[in-house]
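So the chains spell out like this:
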Amino acid sequence: MSPGSVEMGDIKRSRILNGSSRKVDSMEARLLNFCKSGLSLDDEATKEALRLFRETKHILFAIIAAPDSGNPEDHERFWFASVLYTVKQLIGGNSVNKGNQADNDTGFTLYQILKVSKIKIASFLNEMPQFFIKADSILSKLYGNDWEKKLQAKELQANFVHMTFLCRHFKRAYQDFFLSGNDLQDKSLSAVANGGGPVSTYLRFGWMLFLALRIHVFSRFKDMVTCTNGLVSILAILILHVPIRYRRFSLDDSTRFVRKCDKGVDLISSLSNIFHASEVDLLETSKVANNLIVEILNKTPRPASECQAEELKDIDTDAFSYFEGLMEESSLVSSIQILEKDYEDAIYDRGELDERMFVNEEDSLFGSGSNSGGSVTVSGVKRKFDSISSPTKTITSTPSPRGSPVASPVKESSATASIKMPPPTPVSTAMTTAKWLRTVIAPLPPKPSTELGHFLSSCDRDITADVSHRARIILEAIFPSSSPGERCVAGSLQSASLMDSIWAEQRRMEALKLYYRVLAAMCRAESNRLRSRNLTSLLTNERFHRCMLACSAELVLATHKTVTMMFPAVLERSGITAFDLSKVIESFVRHEETLPRELKRHLNNLEERILESMAWEKGSSMYNSLIVAKSSLSAEINRLRLLADPLPSLDAIAMQYGAPTAIPQRTEASSDPNVDTPSSPQRLATTVVSNETTGVTGEHNSFVSPVKERSSAFSAFPGKSRQPPLQSAFASPTRPNPYGGGETCADTTIYVFCQKVLKLAAIRIKCLSDRLQQPNLAMEQVYRLLNLVLREQTGIFFNRHIDQVILCSFYGIAKIQLLNLTFREIINNYRKQPQCKPQVFRNVFVESRRYGRSGHETVDIIAFYNRVFIPAVKPLLVKFAPSESSVEQSHGSEDTEKSDGPSPGSPGSSPFQRLPDMSPKKVSATHNVYVSPLRSAKMENLNSHNSKSYYACVGESTHAYQSPSKDLTAINNRLNSRRVSSRLNFDDPGLVSDSVVAGSLYPSQSSLHLTSDSVLSQSQSQSQSQSVLLASSASPIKHK
C-alpha cells in the first residue's frame, strides 16, 4: 500500500473519531445514569466504572466508526455491561467478606446488569471476549497482569452452558417421575413463572434446594458430575416426600427399581443405575442435602424407618431421613421463599449468574438462544464457545459403545432391554464417562504396581520415592484441599470445606492411579523396544513425569466437566507448557487401551489447540528447541522474548500452592536436563551452527530428521506410524540425538512438531477449499505456500494462530492466480468452520512503534495481510504467478478434474499432505450422500471375505422401506453418473477431528459482512508476475 493511501485512511479515520469524541460527554452521561438510576450504585463504584470507560472509550469509538459496524447503541450497551461486569469482578466482588452485604460497596449482580441493559445472557457471553481481547493491555495496567484469573470470564461461560444442560436434565427426570405443571389439576400447586407457562412448585423447590447445595456445599468444585449427583439425590428426596397422587411411576416396575428382598425398593441403587451415578456419592450427597433442609428451613428430621407416611410404603428406608410436612401446601411456598432469600444473600456480592432463571427458560434474559454442544445460537447466528474450557468442548461427545467399560450393566441386562432409552445428552455422557474412572481406575492401588516398581528400582538408583514425592506435590497443587483465604458462604455451614476436601482427595487418587497405570504400560513398551529394563534416561526426567501427571489430571478434570479448573490450568500448576504436554498425548492414548472415546476426543482437541496457537504463544518451550534447530531465528526470538522460563522446582510449586513439602533423601538436585538450559539464547544457538550449515537450511526442508515414519497430526488414536522415542523428545535440545546421524534432539522435536502442524493445516485448507469450491490446484498451491512460509518465514507464526496464516495464504494465491475470490468470501466461509473463533480474524498480533517505543497491538486480518504478511511473503508468493503456458496447463488439469470428479485421496504426484478420508465423507456434489467405513467391532460379526469392505451410508434415503442392498445399488447408480477416478481409501491411519465432520454435516448459516473487496496495486507499471495485490484497508471486518 502506498504511503498516500495510508495517510488518507488515517485522515478519514481521524475525522470519524473526532466526530465521535464530541459525543463523549453524552455517552458518559448515559453511563452515569445507567449506574445511578439503573443499578443504584454508590459513588465509589460509579467512579471506577467511569474510569475504566474513559480508558477504553477509544476502542469503542474505533469499533463504531468502522463501516458496517452495526447499531452504535448496541455497541454502547454491550460496552457498558462489560465495563460494569469487570468492575464488579475485579473491584467489588472478590474482596469482601462473603455474606456480609454491609461491607460490600458494589452490591449488584450480572443478572441486574443485563436486565438494565436489556441484553440476553447468551449474547453477552458471546460478545464479552471481544471486550477483554481489545482491552487487554488497559486491564493489565489498571488491575494487574492476573486480571483474567480474577475475572473468571471463561468459568462464567462454561458455567452457563453446564447449568443449561443440568436444568434440562433435571426437568426431564422430574417429568419422567412426576406430573408436570400442565398436568396438575390443582392450580394452587403450580407456580407461574415471569415469562409464561406453569412450573410445578415441587420442581421449583427441588431446583432451589439444588442451588443451595451448589452455594453452600459445592463451593469450589462445581463440576457437572458432582452437580448431577446432587440433582439425583434431590430427586430421591422428592420421591420420598411428594404425594403419591403426583407420581408417574410405579414401584412395581422391575425394569426401573431394584428390590432388597423383603425390605422393598432400594431407591439409591435404583437411581444410581438409571443415572449411572455412584451409590456412595448419592448417599453422602443426600445426607448433606438433609442437613441443608435442617439448617436453612429449620425442619426436624426423623428416621424414615420410624415413619408411617404413605410415600414411604414399599421403599427400603434404612438410609433415609423424613421431614413431616415438608411438601404440605401450607409450608411449601414459604420454604421456597426462604431458599430464594438465602440464595440472594449468597450471590449478592459475588456477581454470578442468577441461576434461578434456568428453571424457566422463558426468563427475559434467557431469550431465544439455545445451547447445544458448547455453542450458543442467538437469533439464528451460531457462535462457538471455543474459548471455554476443554471439558466443555467434549460435552457433545457421543457416549461410549455398549461394549466399552463405560457401558452400564443395567443397560445390558435383559430386564431393561425393553426400556425405551432416551437419546444421549451431555449430562448422561459425562456420567457414563465418569463411570469408567469409577469402575476401571478407582479400584487400582494408589501406589506403583509391582511391575512399575521393578522399572523404578532398576534405574541407576532407586527412584521410587522421588516418583511418589513428585506425584504428591503436583497433584496436591492441581487438586488443593483448601483455598487460602476462602470462607464458607454461610458461617454455620461447615459442609462446604468438608465436601471440597473429599472431592479433591478423590480426584487426586484417580489421577494418581491413572498416572501409575499408564506409566507402567509405557515402561513396558520402552523396555521391549530397547531390550533393557534400565530406563534411567526417561524415568529420571522431571519434565516427562510432570507432563504425565498433568495429562492424567486433565483427563480426570475433563471426565467430571470441572468449571473451576479448566485447561490450561493444569499446565501452570505443573510448571510445564502446552508444547511439553503435546509430547506425551499420543503415547498416553496408545498405552491406555480402555480410555473412553470421549476422553480420546478431548485429547485430540487439546492437541489441535496446541498445534494451532498455544505452542506459538510467548513463553512456549517450543521456542527453546526452535532456537537450537534454526539458529537464524534466535535474534527474533530474543527480541520478542518468546523463550520459556526455566522449569520451576517442586519446592517452589509446593510453596505456591500449599502442597506437602516433606522431601525424601536425594542424591541429585535435579534430573531434568531442560532446567539447565543456558540463560543466553544466543550462546545456545551458536552451539549448533555447524548443523545449520550442513543441510538444515536446505531448499526443500529446513527441519531435517532421520526419522522417516512420523506421527500424524491427530495423535489421539493409534496409527501405523511410529512416534520418536520419548527419551529424545524430553532430552535437552542441544543433546545429540542417539537415533539420528549428527542431529540434536531439538532437530527431531521441531521436525515432528512441524509435520503435525502441516497435517493440521492441510486438513483445514482442504475443508475451507471445499467450502470455497476452489480447484485442487489452488488448494495445493495454498498448502505449498504455507509450507514455504513455515520453513523460510517461520516468524510469521510467532504469537499467532495458524488459521490466520491460512486465510492470508488463500487470499494471496487467489490474487496471484487471478481467481475470483475475495477476502469477504474467504472469511465468510471460514466462519462456518467448526474451529472458527471470531478473534482469529478480528485480533491478529502485530508489532507497533509509537512515540519511539516498540510494542504490540491487535489488528484485523486484512490489516495484518497488508502490513505484515505481504512484505514478508511476497518473494515466496511471486513464485506461484502463472505464465501463459502454465495457465493453459492449469486449465487443462482443471478440466480433467471436473470430468473425473474429486478424488478422495491426494494424487500420487501431488505434494499436498495425504489426508485421511473424512468419515462420514460426502461423495456427491448434488446429492446428500455420505459414506463411512463400518466399525471394526461390527465387521467382526459379519461372515464374509476379509478382503471386502463394508460401508455404512448416512444421508438421504433413496426409497422408503427397502433393503440396504437396494439402497446401496440406488446410491451407486446415482453416483456413477459422475465418474470417480479412484476408489475410496479408508485405510489411512490418520484421524480427522469429529468437529470437522460435524461442521461439514451441519454448517453454520452465519455470515460476515465486508465492504467491497477493492484491491490496491503497488504500481500499475509492474509486471503481473512480480506484483502482489493488497487487500483494501477499506474492507474492515464487521463488529457486532
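Residues numbered from 1 in each chain as written. Predicted model: local features only at pLDDT ≥ 70, side-chain atom pairs only at ≥ 80, totals over all residues. Heavy atoms only, no water.

The next point concerns the overall build of the chain. If you tally the helices and strands in the chain, you get 41 helices and 16 strands. Relative to its 1040 residues, the chain shows a buried fraction of 55%. Working note: accessible area of the chain is about 44,900 Å², and carbon and sulfur atoms make up 49% of it. (Helix = DSSP H or I, 4+ residues; strand = E, 2+ residues; numbered from the N terminus. Buried < 20%, exposed > 50% of the residue type's maximum accessible area, 1.4 Å probe, protein only. Areas by Shrake-Rupley, 256 points an atom, 1.4 Å probe, with all protein chains shown as cover.)

As enumerated under the stated definition, the model contains 27 aromatic pairs in all. Relative to Phe-249, the ring of Phe-177 has its centre 5.5 Å away and its plane inclined at 70°; by these criteria the two rings are edge-to-face. Within this pair, whereas Phe-177 is found in helix H9 (residues 153-177), its partner Phe-249 is found in the loop between helix H11 (224-241) and strand E3 (258-259), the two being separated by 72 residues in sequence. Phe-249 gets classed as buried once you look at its relative accessible area, which sits at 10%. Ring geometry for Phe-864 versus Phe-869: centroids 6.5 Å apart, planes at 50°, classification tilted. (Phe/Tyr/Trp six-rings, centres within 6.5 Å; stacked < 30°, edge-to-face > 60°.)

With that out of the way, let us pick up the packing of helix H22 (residues 542-560) against helix H25 (residues 597-612). Between two packed helices, what matters for the description is the angle formed by their axes and the separation of those axes. Running from amino to carboxyl end, H22 crosses H25 at an angle of 120°, the nearest separation of the two axes being 10 Å. Of the possible angle classes, the one that applies to H22 and H25 is oblique. Every pair of crossing elements has a handedness; the one defined by H22 and H25 is right-handed. Across the interface between the two elements, Cys-551, Glu-554, Leu-555, Ala-558 and Thr-559 from H22 touch Leu-599, His-602, Leu-603 and Leu-606 from H25. Partitioning the contact of H22 with H25 into residue classes produces 6 nonpolar, 2 polar and 1 charged. (Axes fitted to C-alpha atoms, helices over the stretch in contact; angles between N-to-C directions. Parallel < 35°, antiparallel > 145°, perpendicular 65-115°, else oblique. Left-handed = near helix turned anticlockwise from the far one by under 90°. Contact = heavy atoms within 4.5 Å. Nonpolar A, V, L, I, M, F, W, Y, C, P; charged D, E, K, R; others polar.)

Attention now moves to the confidence of the model for the chain. Per-residue pLDDT for the chain has a mean of 73; in total, 64% of the residues score no lower than 70. Below a pLDDT of 50 lies the segment residues 93-106, which in the model reaches 31 contacts outside its immediate sequence neighbourhood of four places, other chains included. (pLDDT = per-residue confidence, 0-100.)

Turning our eyes to something else, we now look at the environment of Tyr-865. Among the structural elements, Tyr-865 can be located in helix H37 (residues 861-877). Taking the C-alpha atoms as reference, Tyr-865 lies 9.1 Å from Gln-804; in sequence the two are 61 residues apart.

Omega for the peptide link from Phe-567 to Pro-568 comes to 15°, which places this bond in the cis form. Of note, Pro-568 is situated in the loop between H22 and helix H23 (569-574). Although it is not a glycine, Lys-118 sits at a positive phi angle of roughly 60°. By the secondary structure assignment, Lys-118 is in the loop between helix H5 (110-117) and helix H6 (121-134). Exposure remark for Lys-118: the relative accessible area of 72% places this residue in the exposed category.

As a further point, take the nonpolar core. Grouped together as the largest cluster of nonpolar side chains are 140 residues, with contacts concentrated most on Phe-479 and Trp-616. If we ignore the near neighbours within four places in the chain, the residues touching Phe-479 are Trp-503, Ala-504, Arg-507, Arg-508, Ala-511, Ala-553, Val-556 and Leu-557. Judged by nonpolar contacts, the second largest core, of 124 residues, contains Phe-124, Leu-142, Ala-346 and Ala-434. (Core = buried A, V, L, I, M, F, W, Y, C linked by side-chain atoms within 4.5 Å.)

For the coordinates displayed, the defined rule picks out 0 disulfides. Cys-551 takes part in no disulfide bond, and the closest cysteine sulfur to it belongs to Cys-547, at a distance of 8.8 Å. The class of Cys-551 is buried, set by a relative accessible area of 1%. (Disulfide = S-S within 2.5 Å.)

Checked against the element boundaries, Glu-510 lands in helix H20 (residues 495-530). Sequence-distant contacts of Glu-510, defined by excluding residues within four places in its chain, comprise Leu-437, Ile-441, Val-556 and His-560.

For the rest of this paragraph, the subject is helix H10 (residues 201-216). Residues that lie three or four places apart on an α-helix share one face, since the helix turns once every 3.6 residues. Across its 16 residues, H10 extends 22 Å between first and last C-alpha, which sits within 8% of the 22 Å expected from 1.5 Å per residue. The buried count for H10 comes to 16 of 16 residues, which makes it a mostly enclosed element. The N-terminus of H10 is capped by Ser-200, whose side-chain oxygen sits 3.3 Å from the backbone nitrogen of Tyr-202. (Expected span 1.5 Å × (residues − 1). Polar contact = N/O pair within 3.5 Å; in protein donor to acceptor, adjacent residues only side chain to side chain.)

As a further point, take the environment of His-602. Tracing the chain through its elements places His-602 in helix H25. Residue classification places His-602 among the buried residues on the basis of a relative accessible area of 0%. The sequence separation of His-602 and Glu-554 amounts to 48 residues, and the corresponding C-alpha distance is 9.6 Å.

On inspection of all chains with the given rule, the structure shows 35 salt bridges. Linking Asp-466 and Arg-461 is a salt bridge whose minimum nitrogen-to-oxygen distance equals 2.9 Å. On the basis of relative accessibility, which here comes to 6%, the residue Asp-466 falls in the buried class. Note that Glu-612 is salt-bridged to Arg-764, the shortest N-O span being 2.7 Å. Residue Glu-612 is found in helix H25, and its partner Arg-764 is found in helix H32 (residues 745-772); the two are separated by 152 residues along the sequence. Judged by its relative accessible area of 4%, Glu-612 falls in the buried class. One salt-bridge network, in which partners are shared between bridges, spans Glu-608, Glu-612, Arg-764 and Asp-803. (Salt bridge = Lys/Arg side-chain N within 4 Å of Asp/Glu carboxyl O.)

This brings us to the packing of helix H19 (residues 464-478) against helix H28 (residues 650-657). Running from amino to carboxyl end, H19 crosses H28 at an angle of 35°, the nearest separation of the two axes being 9 Å. For the element pair H19 and H28, the recorded crossing hand is left-handed. In contact with His-469, Arg-470, Ile-473, Ile-474 and Ala-477 of H19, H28 contributes Leu-650, Ile-653, Ala-654 and Tyr-657. Tallied by class, the residues present in the contact of H19 with H28 amount to 7 nonpolar, 1 polar and 1 charged.

With that settled, the discussion passes to H32. The end-to-end C-alpha distance of H32, which contains 28 residues, comes to 40 Å, matching closely the 40 Å that a straight helix rising 1.5 Å per residue would cover. Of all 28 residues in H32, 25 are buried, a share of seventy percent or more. Just downstream of H32, Gln-773 is the residue with a positive phi angle, here 55°.

Time to look at the environment of Ala-158. Turning to its location among the elements, Ala-158 is positioned in helix H9. For the pair Ala-158 and Lys-561, spaced 403 residues apart in sequence, the C-alpha to C-alpha distance is 9.3 Å.

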